[in-house]
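Chain by chain, the residues run as shown.
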Amino acid sequence: MKFDRNKAFPYPVLRPYNDDFIDKDFQAAVSVEVSESSVNISIDYSLSSKSIKKLIDAHEASFVTVVSCRDTYFSQAIESFDEHAEKVLSHGIFRGEVFINKYIQILDDISFESTEVHPDFGTGPFLYTKGDVIAQDEPEKFYFGREFFKPLTSIFSLVKNESLSYGEWKIDTESDYVSIEINPKMKEKIDIARSGRSNQMILINSLYYAAVVQVIENLKEDDSSYSDYRWAQVIAKKMGDCEVTIDDPSTKIASKILDYPLRMLSDFVFADGAES
C-alpha cells in the first residue's frame, strides 16, 4: 500500500500526520547493512498503542515490512509478531532504488474497539477484514549498486570539449553520469597528474567539489527532473548516510558527502609543510 497522508480510511489507522488514535505512535527503524554477498535488513518496531499490541499478542495482527525493488521486480514481506525482525537477502535481487514500507496488518476479520480511538470516529466497534492495515509508518528507501559504495567522484566522467578554452569547464547532468567537459589539453594534464594521491586531493577540492556544489544546486531547483538518473540516486544515498537534506546549504552538503575534502587536503598535501 502506497503511503498517502491524505488518504481517508473507513476505520481508524495509526499513522503519522493524523489523530485517529489519540497520542499514540507507531514507528519502525530499519537498518540496512551490505556485505560482499548479502544485504542484511534489521527492523525494530516501536508501538505505544496497547490495544493494537493486544491484537499482535493474540496473533490477530502482525508487524509487516515490505521490501521491494522496481528495477528487478522483487518484492518480499517480512512478517513478525516480535518487535525485532531480521532478514538476510541476496545481492542479486537489488539494483537501484529499493523501497521499504512498514505496517501493522490485520490477519483475520475482526471487530475492534478501543478508548485510544479519537471520538470523531465514534465509539465503535470497527470492522477490519483480513489484509487491512491498522497502523502504518512513513516509507523509506535506499539505493543499491556498485556506484553507491564507491567514492562520490565515481559519478563524474571527464570529457573533452574542443570549444572550451584552457582552464574552462562545464557540466552536463542529462545522463546517468555527470560529464565534466574540459579543454582536451587540460584533460590530458589531469589524466597524467591524478594518479598521485596529493593531486587527487587537489582535484577533489577544486574541480570535483565545485561540480558537486553545482549538481546539488540543480537538485534544489528541480529534484524531479533528475530523480531517475544514477548520479542523483547516489547523491541522495550519500546525503542520507551523512544526515543532511536538500534544504541544507549546498557547500555544507558537498563538504559532508565528500567526507570533508579540505581536511583531506590538509592531511595529504599540507602535512609536509606544517610548522613544528
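Quick caveat, the model's predicted, so the values are computed rather than measured.

**Here we look at the environment of Asn 101**
Thinking step 1. Mapped onto the fold, Asn 101 is located in strand 6 (residues 96–106).
Thinking step 2. C-alpha of Asn 101 to C-alpha of Lys 141: the two residues are 40 residues apart in sequence and 8.6 Å apart in space.

**Quick look at the nonpolar core**
Thinking step 1. Phe 94, Ile 104, Phe 112 and Ile 134 are the most contacted members of the largest nonpolar core, which totals 42 residues.
Thinking step 2. In contact with Ile 104, other than residues within four places in its own chain, are Phe 26, Leu 47, Ile 52, Ile 56, Ala 61, Ser 62, Phe 63, Asp 132, Val 133, Ile 134 and Ala 135.
Thinking step 3. Counting 33 residues, the second-largest nonpolar core is a separate cluster that includes Leu 158, Leu 207, Val 212 and Ile 216.

**Structural notes on the confidence of the model for the protein**
Thinking step 1. Chain-level pLDDT for the protein is 87 on average; 92% of the residues reach the 70-or-more range.
Thinking step 2. The least confident element of the protein, judged by mean pLDDT, is helix 6 (residues 261–270) at 76; the most confident is helix 1 (residues 50–57) at 97.

**Here we look at the sheet that holds strand 11 (residues 169–172)**
Strand pairing within a sheet occurs via backbone hydrogen bonds; the two strands may be parallel or antiparallel.
Thinking step 1. The sheet built from 3 strands is open, its strands ordered 10-12-11 with mixed pairing. The open sheet has two free edges, formed respectively by strand 10 (156–160) and strand 11, since each of these has just one partner strand. On average, each strand axis in the sheet is inclined to that of its neighbour by 30°, with strand direction left out of account.
Thinking step 2. Strand direction decides the pairing type here: strand 10 and strand 12 (residues 178–182), joined by 5 bridges, are parallel. Note that in strand 12 the partner of Lys 160 across the bridge is Ile 182.
Thinking step 3. The sheet contacts of helix 3 (residues 197–221) involve strand 10, strand 11 and strand 12, and relative to strand 11 the element is tilted by about 45°.

**Remarks on the environment of Lys 130**
Thinking step 1. Assignment of secondary structure puts Lys 130 in the loop between strand 8 (126–128) and strand 9 (133–144).
Thinking step 2. Classification of Lys 130 as exposed rests on a relative accessible area of 63%.
Thinking step 3. Separated by 21 residues in the primary sequence, Lys 130 and Asp 109 place their C-alpha atoms 5.1 Å from one another.
Thinking step 4. In this structure Lys 130 touches Ile 106, Leu 107, Asp 108 and Asp 109, once residues within four positions along its chain are discounted.

**So, the packing of aromatic side chains**
For any pair of aromatic rings, geometry is given as the distance between the ring centres together with the angle between the planes.
Thinking step 1. Counted according to the given criterion, the structure contains 12 aromatic pairs.
Thinking step 2. Ring centres 4.6 Å apart and planes at 50° place the aromatic pair Tyr 11 and Tyr 128 in the tilted group. Of this pair, Tyr 11 sits in the segment before strand 1 (26–34) while Tyr 128 sits in strand 8, and the two are 117 residues apart along the sequence.
Thinking step 3. Since its relative accessible area comes to 9%, Tyr 11 is described here as buried.
Thinking step 4. Taken together, a centroid distance of 5.3 Å and an interplanar angle of 55° make the contact between Tyr 226 and Trp 231 tilted.
Thinking step 5. Site record: aromatic cluster; members linked through ring pairs are Phe 9, Tyr 11, Phe 21, Phe 112 and Tyr 128.

**Looking at the sheet that holds strand 2 (residues 38–47)**
Thinking step 1. Reading across the sheet, the 3 strands line up as 1-2-5 and stay open at both edges, with antiparallel pairing between neighbours. Looking at which strands have only one partner, the edges of the open sheet turn out to be strand 1 and strand 5 (84–90). The mean inter-strand angle of the sheet, taken between neighbouring strand axes irrespective of direction, is 20°.

**Notes on the packing of helix 3 against helix 5 (residues 250–257)**
Thinking step 1. Across the interface, helix 3 lies against helix 5 with an axial gap of 9 Å and an inter-helix angle of 125°. Our classification of the angle between helix 3 and helix 5 gives oblique. As helix 3 runs across helix 5, the sense of the crossing is right-handed. Contacts between helix 3 and helix 5 involve Tyr 209, Val 212, Val 213, Ile 216, Glu 217 and Lys 220 from the former and Ser 250, Thr 251, Ile 253, Ala 254, Ser 255 and Ile 257 from the latter.
Thinking step 2. Per-class residue counts for the contact of helix 3 with helix 5 are 7 nonpolar, 3 polar and 2 charged.

**Side note on helix 2 (residues 184–193)**
Thinking step 1. Buried residues of helix 2: Pro 184, Lys 187 and Ile 190, and no others. Looking down the long axis of helix 2, one finds its buried residues gathered within 120° of arc, a one-sided arrangement. Helix 2 presents Lys 185, Glu 188, Lys 189 and Ile 192 as exposed residues on the side facing more than 90 degrees away from its buried surface.
Thinking step 2. Looking at the buried side of helix 2, the elements it contacts are strand 10, strand 12 and helix 3.
Thinking step 3. A side-chain oxygen of the first residue of helix 2 lies 2.9 Å from the backbone nitrogen of Lys 185; this N-cap is Asn 183.

**Some points on the side chain of Asn 161**
Thinking step 1. As for its position among the elements, Asn 161 is in the loop between strand 10 and strand 11.
Thinking step 2. A polar atom in the side chain of Asn 161 sits 2.5 Å from the side chain of Ser 163.
Thinking step 3. Within polar-contact distance, the side chain of Asn 161 engages the side chain of Glu 181 at 2.7 Å.
Thinking step 4. Once you skip the residues sitting within four places of it in the chain, Asn 161 turns out to touch Lys 170, Glu 181, Ile 182, Asn 183 and Pro 184.

Calculation notes
Residues numbered from 1 in each chain as written. Predicted model: local features only at pLDDT ≥ 70, side-chain atom pairs only at ≥ 80, totals over all residues. Heavy atoms only, no water. Helix = DSSP H or I, 4+ residues; strand = E, 2+ residues; numbered from the N terminus. Core = buried A, V, L, I, M, F, W, Y, C linked by side-chain atoms within 4.5 Å. Buried < 20%, exposed > 50% of the residue type's maximum accessible area, 1.4 Å probe, protein only. Contact = heavy atoms within 4.5 Å. pLDDT = per-residue confidence, 0-100. Pairing = 2+ DSSP bridges. Axes fitted to C-alpha atoms, helices over the stretch in contact; angles between N-to-C directions. Phe/Tyr/Trp six-rings, centres within 6.5 Å; stacked < 30°, edge-to-face > 60°. Parallel < 35°, antiparallel > 145°, perpendicular 65-115°, else oblique. Left-handed = near helix turned anticlockwise from the far one by under 90°. Nonpolar A, V, L, I, M, F, W, Y, C, P; charged D, E, K, R; others polar. Arc of directions from axis to C-beta. Polar contact = N/O pair within 3.5 Å; in protein donor to acceptor, adjacent residues only side chain to side chain.

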